[in-house]
Amino acid sequence: MMMRQDKKSSTPTDPRILRTRQLIRDAFVDLLQEMDIEKLSVNRIAERATINRVTFYLHYRDITDMMEKMADEMIEQIEGIVQDHGALFENEANEDEPWPVLVKLLEHFAENSKFYKVVLASKRTPIFTEGLLKLLSKLVTAKIEKMESHSPLANVGIHKEIAIWYGSSALIGTIVAWLRSDMPYSPHFLAKQFSLIRSHSYKDLI
(Lines give C-alpha, C1' and ligand atoms only; values in the text may rest on other atoms or scores of the structure.)
Protein backbone atom coordinates (compact mmCIF):
# COMPACT_ATOMS: atom_id res chain seq x y z
CA MET A 1 0.00 0.00 0.00
CA MET A 2 1.31 3.47 -0.84
CA MET A 3 2.65 6.05 1.57
CA ARG A 4 -0.05 8.27 3.03
CA GLN A 5 0.19 11.85 4.22
CA ASP A 6 -0.75 12.71 7.79
CA LYS A 7 -4.19 14.37 7.71
CA LYS A 8 -3.02 17.17 9.97
CA SER A 9 0.20 17.88 8.08
CA SER A 10 1.61 17.78 4.59
CA THR A 11 4.70 16.06 6.00
CA PRO A 12 4.90 12.35 5.12
CA THR A 13 4.56 9.93 8.00
CA ASP A 14 7.88 8.69 9.44
CA PRO A 15 9.09 5.73 7.31
CA ARG A 16 9.62 3.65 10.47
CA ILE A 17 5.98 4.13 11.41
CA LEU A 18 4.91 3.21 7.90
CA ARG A 19 7.06 0.09 7.98
CA THR A 20 5.59 -1.02 11.31
CA ARG A 21 2.03 -0.42 10.09
CA GLN A 22 2.83 -2.38 6.94
CA LEU A 23 4.10 -5.30 9.05
CA ILE A 24 0.91 -5.19 11.12
CA ARG A 25 -1.27 -4.96 8.01
CA ASP A 26 0.52 -7.88 6.35
CA ALA A 27 0.20 -9.95 9.52
CA PHE A 28 -3.51 -9.15 9.74
CA VAL A 29 -4.07 -10.20 6.11
CA ASP A 30 -2.03 -13.41 6.50
CA LEU A 31 -3.88 -14.43 9.65
CA LEU A 32 -7.30 -13.73 8.10
CA GLN A 33 -6.40 -16.22 5.38
CA GLU A 34 -5.80 -18.83 8.06
CA MET A 35 -8.51 -18.28 10.66
CA ASP A 36 -11.81 -16.59 11.46
CA ILE A 37 -11.59 -12.98 12.51
CA GLU A 38 -13.10 -13.87 15.90
CA LYS A 39 -9.94 -15.87 16.64
CA LEU A 40 -7.59 -12.98 15.94
CA SER A 41 -5.84 -11.41 18.89
CA VAL A 42 -3.30 -8.67 19.37
CA ASN A 43 -0.81 -11.33 20.51
CA ARG A 44 -1.24 -13.31 17.28
CA ILE A 45 -0.90 -10.21 15.10
CA ALA A 46 2.14 -8.92 16.98
CA GLU A 47 3.85 -12.30 16.84
CA ARG A 48 3.22 -12.66 13.09
CA ALA A 49 4.37 -9.07 12.50
CA THR A 50 7.56 -9.75 14.52
CA ILE A 51 6.81 -6.88 16.89
CA ASN A 52 5.75 -6.81 20.52
CA ARG A 53 2.35 -5.96 21.98
CA VAL A 54 3.57 -2.58 23.22
CA THR A 55 4.52 -1.58 19.67
CA PHE A 56 1.08 -2.61 18.40
CA TYR A 57 -0.61 -0.44 21.03
CA LEU A 58 1.54 2.54 20.02
CA HIS A 59 -0.35 2.46 16.71
CA TYR A 60 -3.80 1.08 17.54
CA ARG A 61 -6.04 0.83 20.59
CA ASP A 62 -7.27 -2.63 19.65
CA ILE A 63 -8.11 -4.77 16.61
CA THR A 64 -11.30 -2.82 15.89
CA ASP A 65 -9.39 0.46 15.91
CA MET A 66 -6.76 -1.12 13.64
CA MET A 67 -9.38 -2.16 11.07
CA GLU A 68 -11.08 1.24 11.18
CA LYS A 69 -7.79 3.03 10.55
CA MET A 70 -6.84 0.60 7.77
CA ALA A 71 -10.23 1.18 6.13
CA ASP A 72 -9.75 4.96 6.41
CA GLU A 73 -6.31 4.68 4.80
CA MET A 74 -7.76 2.53 2.02
CA ILE A 75 -10.40 5.15 1.24
CA GLU A 76 -7.83 7.96 1.37
CA GLN A 77 -5.66 6.17 -1.17
CA ILE A 78 -8.59 5.52 -3.51
CA GLU A 79 -9.79 9.12 -3.20
CA GLY A 80 -6.24 10.23 -4.01
CA ILE A 81 -6.30 8.21 -7.23
CA VAL A 82 -9.65 9.77 -8.20
CA GLN A 83 -8.32 13.27 -7.49
CA ASP A 84 -5.16 12.63 -9.49
CA HIS A 85 -6.87 11.17 -12.54
CA GLY A 86 -10.22 12.95 -12.78
CA ALA A 87 -13.84 12.04 -12.12
CA LEU A 88 -14.82 8.39 -12.30
CA PHE A 89 -16.92 8.71 -15.42
CA GLU A 90 -15.07 11.40 -17.38
CA ASN A 91 -13.56 10.76 -20.83
CA GLU A 92 -15.55 7.55 -21.23
CA ALA A 93 -16.02 8.23 -24.93
CA ASN A 94 -12.38 7.42 -25.62
CA GLU A 95 -12.46 3.80 -26.77
CA ASP A 96 -8.70 3.35 -26.36
CA GLU A 97 -8.71 4.64 -22.78
CA PRO A 98 -12.12 3.88 -21.26
CA TRP A 99 -12.61 5.60 -17.92
CA PRO A 100 -8.90 6.34 -17.22
CA VAL A 101 -9.51 6.73 -13.50
CA LEU A 102 -11.25 3.34 -13.32
CA VAL A 103 -8.25 1.75 -15.01
CA LYS A 104 -6.00 3.35 -12.38
CA LEU A 105 -8.27 2.14 -9.57
CA LEU A 106 -8.28 -1.41 -10.92
CA GLU A 107 -4.50 -1.30 -11.31
CA HIS A 108 -4.28 -0.23 -7.67
CA PHE A 109 -6.46 -3.18 -6.63
CA ALA A 110 -4.33 -5.54 -8.72
CA GLU A 111 -1.05 -4.23 -7.28
CA ASN A 112 -2.41 -4.75 -3.76
CA SER A 113 -4.47 -7.83 -4.59
CA LYS A 114 -3.44 -9.83 -1.52
CA PHE A 115 -4.84 -7.14 0.76
CA TYR A 116 -8.00 -6.49 -1.25
CA LYS A 117 -8.81 -10.16 -1.80
CA VAL A 118 -8.98 -10.61 1.94
CA VAL A 119 -10.71 -7.39 3.01
CA LEU A 120 -13.10 -6.95 0.06
CA ALA A 121 -13.64 -10.42 -1.36
CA SER A 122 -14.73 -11.96 1.92
CA LYS A 123 -17.65 -11.35 4.25
CA ARG A 124 -15.49 -11.32 7.37
CA THR A 125 -14.45 -7.66 7.23
CA PRO A 126 -17.50 -5.62 6.16
CA ILE A 127 -15.97 -2.33 7.34
CA PHE A 128 -13.76 -2.26 4.23
CA THR A 129 -16.52 -3.14 1.77
CA GLU A 130 -18.90 -0.65 3.38
CA GLY A 131 -16.26 2.07 3.19
CA LEU A 132 -15.62 1.45 -0.49
CA LEU A 133 -19.36 1.25 -1.25
CA LYS A 134 -19.86 4.60 0.47
CA LEU A 135 -17.11 6.17 -1.62
CA LEU A 136 -18.42 4.70 -4.89
CA SER A 137 -21.92 5.90 -4.00
CA LYS A 138 -20.53 9.40 -3.58
CA LEU A 139 -18.84 9.24 -7.00
CA VAL A 140 -21.96 7.86 -8.70
CA THR A 141 -24.06 10.54 -6.99
CA ALA A 142 -21.76 13.25 -8.33
CA LYS A 143 -22.09 11.84 -11.85
CA ILE A 144 -25.89 11.58 -11.71
CA GLU A 145 -26.29 15.07 -10.23
CA LYS A 146 -23.99 16.51 -12.89
CA MET A 147 -26.13 15.08 -15.69
CA GLU A 148 -29.47 15.49 -13.87
CA SER A 149 -30.72 18.38 -15.98
CA HIS A 150 -30.55 16.34 -19.20
CA SER A 151 -30.88 12.82 -17.82
CA PRO A 152 -33.80 10.65 -18.93
CA LEU A 153 -33.83 8.84 -15.55
CA ALA A 154 -36.70 10.87 -14.15
CA ASN A 155 -38.56 10.72 -17.46
CA VAL A 156 -38.78 6.93 -17.27
CA GLY A 157 -39.64 6.92 -13.57
CA ILE A 158 -36.27 5.93 -12.10
CA HIS A 159 -35.61 7.51 -8.71
CA LYS A 160 -32.17 9.05 -8.27
CA GLU A 161 -31.55 7.21 -5.00
CA ILE A 162 -32.26 3.83 -6.59
CA ALA A 163 -30.03 4.70 -9.56
CA ILE A 164 -27.22 5.50 -7.10
CA TRP A 165 -27.71 2.18 -5.29
CA TYR A 166 -27.66 0.34 -8.59
CA GLY A 167 -24.63 2.10 -10.04
CA SER A 168 -22.42 1.83 -6.95
CA SER A 169 -23.44 -1.79 -6.27
CA ALA A 170 -22.72 -2.75 -9.88
CA LEU A 171 -19.22 -1.31 -9.60
CA ILE A 172 -18.27 -2.85 -6.29
CA GLY A 173 -19.94 -6.16 -7.12
CA THR A 174 -17.92 -6.51 -10.30
CA ILE A 175 -14.68 -5.50 -8.58
CA VAL A 176 -15.23 -8.06 -5.81
CA ALA A 177 -16.13 -10.80 -8.31
CA TRP A 178 -12.99 -9.92 -10.30
CA LEU A 179 -10.83 -10.25 -7.17
CA ARG A 180 -12.48 -13.49 -6.10
CA SER A 181 -11.83 -14.92 -9.58
CA ASP A 182 -8.11 -14.06 -9.30
CA MET A 183 -8.39 -11.15 -11.74
CA PRO A 184 -8.75 -13.09 -15.03
CA TYR A 185 -8.98 -9.82 -17.00
CA SER A 186 -6.59 -6.89 -17.08
CA PRO A 187 -7.66 -3.60 -15.46
CA HIS A 188 -7.84 -1.96 -18.89
CA PHE A 189 -10.02 -4.74 -20.35
CA LEU A 190 -12.38 -4.70 -17.36
CA ALA A 191 -12.72 -0.92 -17.53
CA LYS A 192 -13.46 -1.16 -21.23
CA GLN A 193 -16.15 -3.76 -20.53
CA PHE A 194 -17.74 -1.32 -18.06
CA SER A 195 -17.65 1.33 -20.76
CA LEU A 196 -19.31 -0.97 -23.30
CA ILE A 197 -22.00 -2.08 -20.86
CA ARG A 198 -22.78 1.50 -19.97
CA SER A 199 -22.88 2.75 -23.55
CA HIS A 200 -25.00 -0.12 -24.87
CA SER A 201 -27.27 -1.04 -22.00
CA TYR A 202 -27.37 1.13 -18.90
CA LYS A 203 -25.78 4.43 -19.89
CA ASP A 204 -27.51 6.57 -17.30
CA LEU A 205 -27.17 4.19 -14.38
CA ILE A 206 -23.46 3.29 -14.20
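Residues numbered from 1 in each chain as written. Predicted model: local features only at pLDDT ≥ 70, side-chain atom pairs only at ≥ 80, totals over all residues. Heavy atoms only, no water.

Enquirer: For the side chain of threonine 20, give the residues involved together with the corresponding values.
Expert: Checked against the element boundaries, threonine 20 lands in helix α1 (residues 15-32). At 3.0 Å, the side chain of threonine 20 and the backbone oxygen of arginine 16 are in polar contact. Residues contacting threonine 20, with those up to four places away along its chain left out, are Thr55 and His59. (Helix = DSSP H or I, 4+ residues; strand = E, 2+ residues; numbered from the N terminus. Polar contact = N/O pair within 3.5 Å; in protein donor to acceptor, adjacent residues only side chain to side chain. Contact = heavy atoms within 4.5 Å.)

Enquirer: Could you give an account of the packing of aromatic side chains, with specific residues and numbers?
Expert: Scanning the model with the defined rule gives 6 aromatic pairs in all. Ring geometry for phenylalanine 56 versus tyrosine 60: centroids 5.6 Å apart, planes at 55 degrees, classification tilted. Plain terms: the ring middles of phenylalanine 115 and phenylalanine 128 are 5.8 Å apart, the flat faces sit at 90 degrees to each other, and that makes the pair edge-to-face. In this pair, phenylalanine 115 is assigned in helix α6 (residues 113-119) and phenylalanine 128 in helix α7 (residues 126-146), connecting sequence segments 13 residues apart. Grouping residues by exposure puts phenylalanine 115 and phenylalanine 128 together as buried. Cluster of aromatic residues (ring-pair linked, three or more members): Phe109, Phe115, Tyr116 and Phe128. (Phe/Tyr/Trp six-rings, centres within 6.5 Å; stacked < 30°, edge-to-face > 60°. Buried < 20%, exposed > 50% of the residue type's maximum accessible area, 1.4 Å probe, protein only.)

Enquirer: Describe the pattern of salt bridges, and please don't skip the residues or the numbers.
Expert: Per the stated rule, a full pass over the model turns up 10 salt bridges. The closest approach of N and O atoms between glutamate 73 and arginine 21, which form a salt bridge, is 3.9 Å. With glutamate 73 in helix α4 (residues 63-85) and arginine 21 in helix α1, this residue pair connects regions lying 52 residues apart in the sequence. What makes arginine 21 buried here is its relative accessible area of 19%. The partner of aspartate 65 in a salt bridge is lysine 69, with the nearest N and O atoms 2.7 Å apart. Here aspartate 65 pairs with lysine 69, and both are found in helix α4, just 4 residues apart, close to one helical turn. On the basis of relative accessible area, lysine 69 is assigned to the partly exposed category, the value being 32%. (Salt bridge = Lys/Arg side-chain N within 4 Å of Asp/Glu carboxyl O.)

Enquirer: Let's hear about the environment of arginine 48: which residues, and what values?
Expert: Tracing the backbone shows arginine 48 in helix α2 (residues 42-48). Owing to a relative accessible area of 36%, arginine 48 belongs among the partly exposed residues under this scheme. Along the primary structure arginine 48 and alanine 27 are separated by 21 residues, whereas in three dimensions their C-alpha atoms are 5.4 Å apart. If sequence neighbours within four positions are ignored, arginine 48 has contacts with Ala27, Asp30, Leu31 and Glu34.

Enquirer: So, the environment of glutamine 33: which residues are in play, and what are the values?
Expert: Summarising the element assignment, glutamine 33 is placed in the loop between α1 and α2. The partly exposed category is assigned to glutamine 33, whose relative accessible area is 48%. In sequence terms glutamine 33 and serine 122 are 89 residues apart; their C-alpha atoms lie 10.0 Å from each other. Leaving out residues up to four positions away in the same chain, glutamine 33 has contacts with Lys114 and Val118.

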